[in-house]
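Survey of secondary and tertiary structure
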Amino acid sequence: MQDKRFQIANREALIGVALVMINFAIWFGFAYGLGSGDPTEYQYILGFPAWFFYSCIAGSIFMIFLIWLTIKIFFKDVPFEDGEEEI
Amino acid sequence: MIHWQVIIPLLVFLIIIFMIGFWANKQVRTSNSFLQEYFLGGREMGGFLLAMTMMATYGSASSFIGGPGVSYNLGLGWVLLSMAQLPAGYFVLMILGKKFAIISRRYEAITLIDFLKKRYESNIVIFISAISIIVFLFASMTAQWVGGARLIESLTGLNYTVALLIFAVTVLVYVIIGGFRAVALTDAMQGTVMIIGTIILLIGTIIAGGGVDNIMNSLVTENPQMLSPFGSDGSLTPLYVSTFWILIGLGVIGLPQIAVRAMSYKDSKSLHLAILIGTIGIGTIMFGMHLIGVLARPVVPGIEVADTVMPILTLEVLHPVLAGIVLAAPMAAIMSTVNALLILVSSTVVKDVYLNFINPNATDKQIKKRSFIVTTVIGLAVVFFALKPPEFLITLNLFAFGGLESAFLWSVVFGLYWKKANKYGVISSMITGLFLYIYITSEFPNIFGMHSVTIPVLASFFVFIVVSLLTHQKTKLTSKDI
């Protein structure tokens, strides 16, 4: 019989994979999407080139927010010792 | 020249660390399960401690000294690359997560190898794992130790040997007497110093440079490519930079010093909190320190030796007392990496080699004595080699990070999540990964424009699956536990 706690663990691991894919997409998309042009013609946000601002600063803050949200919504508390789950 | 303002914060720092070591020793002496206490801190870590020890173990000399130096020369492209480390904060804990915590308790595993041993039931797996951990991590430890001593040498003006001894004695005393608990508690303090130091230096540098706009203008005037994602010399291709996600982001799961932390925390709540704090901490340090390297360029121009950028900048832009605190950060980063490696290598020798192959029936008293002796001997051996580091250790250290990832990443992940993973799969995958990594790194670094870890990690993935599928009839279903 499959341990119920493992279904939770498996789902949370898959969420981890999904988060990394989102993280990579934001990081890659903004960096090379906005940053591939001529550096002398970059737009600036708060003093930083726009690609850098979105990819490294806003992107990271967004990821931290997303991680906080997924933990709050999807992550469940389970006991780690065997035998506790029946109680 | 001796900088007192730098020495005093460092001294305060060392004294607190000693006190933590003695306090932890009390726990070690009163615990009724010596092995679990000494090598895992009794599996009692809360969320903050877990986050800090992950972060501090992961952040090393290269985050504070090497990294900013490269950014100084390559520009914002290197900061972009460093952000591939953000997943190390959440991905590792989410993947190993609850499953590893439950299984390692069920197996009563104290070390990563304990887990592999019970999961795959093979002495060859233990043997390959123990050898790679001992060899690679001994080499990394020596390299970090040399880095620590050089840093003390350059900051205080003491000579190399004295600096090395001060560094070594501090680390050895608290690790030997306090075990994992002392390591984790000092990591919490060291991690805090690392974050605060990064923030102070970032603000100080921006002020000294007259604001971000001003600094960016100077960089454009010097070389517009400094602001591009491709690096000042155009060497950072998207493919090359992306493959760093494997080396310093996703592959981190395969580093034994990181993985072992994922079996030492108390409960689910600790895990959830650690994921959040750890990601914020790693993000702050990696982003901050690498960006500092770029911003430093107009502030302290013309630095030839990249590794001196961070110390020179700190002494230049900050008030002496603040400089002392900030310069304790790289020190903390090095110590917190070294102490984790020392306790890990010691646990491998005691638990995985001595108790497995030499004396399985050792009494508690014998184990206790052996643990203290082994930790001491390894520590002293590192000091001895660090006095005059031999060539082969320096070479081995270059292979350590990627080599361990190639060997352990899939063994751990498949071991946890794939029932059909078996010992034939794991042995062939470990050997493929290790040899391919060493071969590619020494013969064709940057093969096909990718980091050399890419192909070994992919190859060991496929070898693992193919061999396990071909042989899974041969092994009885041993994986009912997962």
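Each remark here, short or long, concerns the structure printed above.
For the structure given in this document, a descriptive report is provided here. Quick caveat: nothing in here was measured; it's all calculated off a predicted structure.

**Topic: a nonpolar patch on the surface**
Residues and elements named next belong to chain A. A contiguous nonpolar surface patch, about 370 Å² in accessible area, is contributed by Ile22, Phe62, Phe65 and Trp68. No other element matches helix α2 (residues 50-74), which puts three residues into the nonpolar patch. With respect to the helices and strands, Ile22 occurs in helix α1 (residues 4-35).

**A word on the layout of surface pockets**
In this structure, the second largest pocket encloses a volume near 640 Å³. Along its surface, the second largest pocket is lined by 25 residues, and Val17 and Val20 of chain A together with Phe91, Leu250 and Trp410 of chain B are the ones closest to its centre. Every element with two or more residues in the lining of the second largest pocket is listed here: α1 of chain A together with α6 (87-106), α11 (238-249), α17 (391-417) and α19 (454-471) of chain B. Among the elements that line the lining of the second largest pocket, the one with the most residues is α1 of chain A, at seven residues. Taken together, the residues of the lining of the second largest pocket break down into 21 nonpolar, four polar and no charged.

**A look at the pattern of salt bridges**
For the coordinates displayed, the defined rule picks out 10 salt bridges over all chains. When the shortest N-O distance is used, the salt bridge between Asp3 of chain A and Arg106 of chain B registers 3.3 Å. Of this pair, Asp3 of chain A sits in the segment before α1 while Arg106 of chain B sits in helix α6, each in a different chain. Exposure remark for Asp3 of chain A: the relative accessible area of 12% places this residue in the buried category. Of the charged contacts, one joins Arg261 of chain B and Asp187 of chain B as a salt bridge, the two residues approaching to 3.8 Å between their closest N and O atoms. Residue Arg261 of chain B is located in the loop between α12 (256-259) and α13 (268-299), and its partner Asp187 of chain B is located in helix α9 (residues 160-208); the two are separated by 74 residues in the primary sequence. Given a relative accessible area of 1%, Arg261 of chain B falls into the buried group. Shared partners join several salt bridges into a network, and the residues in it are Asp3 and Arg5 of chain A together with Arg106 of chain B.

**Focus on the packing of helix α15 (residues 320-358) of chain B against helix α16 (residues 364-387) of chain B**
All names here are of chain B. Put simply, α15 and α16 touch, their axes get as near as 9 Å, and they point 130° apart. Considering the angle they form, α15 stands oblique to α16. α16 is crossed by α15, and the crossing has right-handed handedness. Residue-level contacts link Leu342, Val345, Ser346, Val349, Val350, Tyr354 and Leu355 of α15 to Ile367, Arg370, Ser371, Val374, Thr375, Ile378 and Gly379 of α16. Residues of the contact of α15 with α16, tallied by class, amount to nine nonpolar, four polar and one charged.

**Comments concerning the interface of chain B and chain A**
Counting residues at the interface gives 50 residues for chain B, matched by 47 residues for chain A. Buried area between chain B and chain A, both sides added, is near 4,200 Å², and the carbon and sulfur share of it is 75%. The tally of links between chain B and chain A comes to four salt bridges. Within the residue set of the side of chain B that touches chain A, elements represented by two or more residues are α5 (76-82), α6, α10 (212-222), α11 and α13 of chain B. For the side of chain B that touches chain A, the element with the most residues is α6 of chain B, which contributes 12 residues. Its residues placed into classes, the side of chain B that touches chain A shows 33 nonpolar, eight polar and nine charged.

Definitions and cut-offs
- Residues numbered from 1 in each chain as written.
- Chains lettered and ligands numbered in written order.
- Predicted model: local features only at pLDDT ≥ 70, side-chain atom pairs only at ≥ 80, totals over all residues.
- Heavy atoms only, no water.
- Patch = residues over 30% accessible without salt bridge, like charges linked within 9 Å, V, L, I, M, F, W, Y side chains within 5 Å.
- Areas by Shrake-Rupley, 256 points an atom, 1.4 Å probe, with all protein chains shown as cover.
- Salt bridge = Lys/Arg side-chain N within 4 Å of Asp/Glu carboxyl O.
- Helix = DSSP H or I, 4+ residues; strand = E, 2+ residues; numbered from the N terminus.
- 1 Å grid on protein atoms, 1.4 Å probe; cavity = no way out; pocket = protein on both sides within 12 Å on 5 of 7 lines; lining within 4 Å.
- Points joined across faces, edges and corners; volume = space filled by probe spheres on them.
- Nonpolar A, V, L, I, M, F, W, Y, C, P; charged D, E, K, R; others polar.
- Buried < 20%, exposed > 50% of the residue type's maximum accessible area, 1.4 Å probe, protein only.
- Axes fitted to C-alpha atoms, helices over the stretch in contact; angles between N-to-C directions.
- Parallel < 35°, antiparallel > 145°, perpendicular 65-115°, else oblique.
- Left-handed = near helix turned anticlockwise from the far one by under 90°.
- Contact = heavy atoms within 4.5 Å.
- Buried area = accessible area lost by both parts, 1.4 Å probe.

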